[in-house]
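Structural overview
Each chain, letter by letter, is given below.
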Amino acid sequence: MPIQKILIVDDSPTERYVLTDILAKAGYSVSTSENGEGILDKIKADKPQLILMDVVMPGQNGFQVTRSITRDEDTKDIPIIICSSKGLETDRIWGLRQGARDYLVKPIDPKELLAKIAALG
């Protein structure tokens, strides 16, 4: 089943706006969260088919939130793409080890993002 509902988790209003704009223009249904607090409840209620996760956020960082999502029985099958300004190879490897399916470095290239989403669907 192709992906239609996407959750963006990012503390930056600008990043949330830019990603929402890219995805909405491509026909996706988008919801957002500004941090990882209470995110498991939000995911279980909204049932997104993909999560775009920032790393640097107040409270839990994106690596911790990704690990929580991928270890929870109800949410472990939802793919996560980390979208971060942290561009080191060690960051990418760590993100994938936490359970993310892919890792993109900001600024996000819209074509690359949409291609990676299409590949998952």
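Think of each chain on its own: its residues are numbered from 1, step by step along the sequence as written. The model is predicted, so local features are restricted to residues of pLDDT at least 70 and side-chain atom pairs to those at 80 or more, both for listing and for counting; the totals for chains, interfaces and linings are taken over all residues. Computation of side-chain values: all heavy atoms of the structure, hydrogens and water removed.

Description of the side chain of Gln98
Take Gln98: it is sitting in the loop between helix H4 (89–97) and strand E5 (102–105). Contacts are residue-level and defined by heavy atoms, with any inter-residue pair within 4.5 Å sufficient. When neighbours within four sequence positions are excluded, Gln98 is seen to be in contact with Phe63, Thr66, Arg67 and Thr70. Helix and strand definitions follow DSSP, with helices as H or I runs of at least four residues and strands as E runs of at least two, each counted in order from the N terminus.

Digging into the environment of Lys76
Looking at the element boundaries, Lys76 is found in the loop between helix H3 (62–71) and strand E4 (80–84). Sequence-wise, Lys76 and Asp11 are 65 residues apart; in three dimensions their C-alpha atoms are separated by 23 Å. Other than its neighbours up to four places away in sequence, Lys76 contacts Ile69 and Thr70. We define a polar contact as two N or O atoms separated by no more than 3.5 Å, with the added condition that, inside protein, one atom must be a possible hydrogen donor and the other a possible acceptor, whereas residues neighbouring each other in sequence contribute only through side-chain atom pairs. There is a polar contact of 3.0 Å between the side chain of Lys76 and the side chain of Glu73.

Some thoughts on the environment of Thr32
The topology assignment puts Thr32 in strand E2 (residues 29–33). Each C-alpha atom, one on Thr32 and one on Asp21, is 12 Å from the other, the two residues being 11 residues apart in sequence. Not counting residues within four places of it along the chain, the set of residues in contact with Thr32 comprises Leu7, Ile8, Arg16, Thr20 and Lys42.

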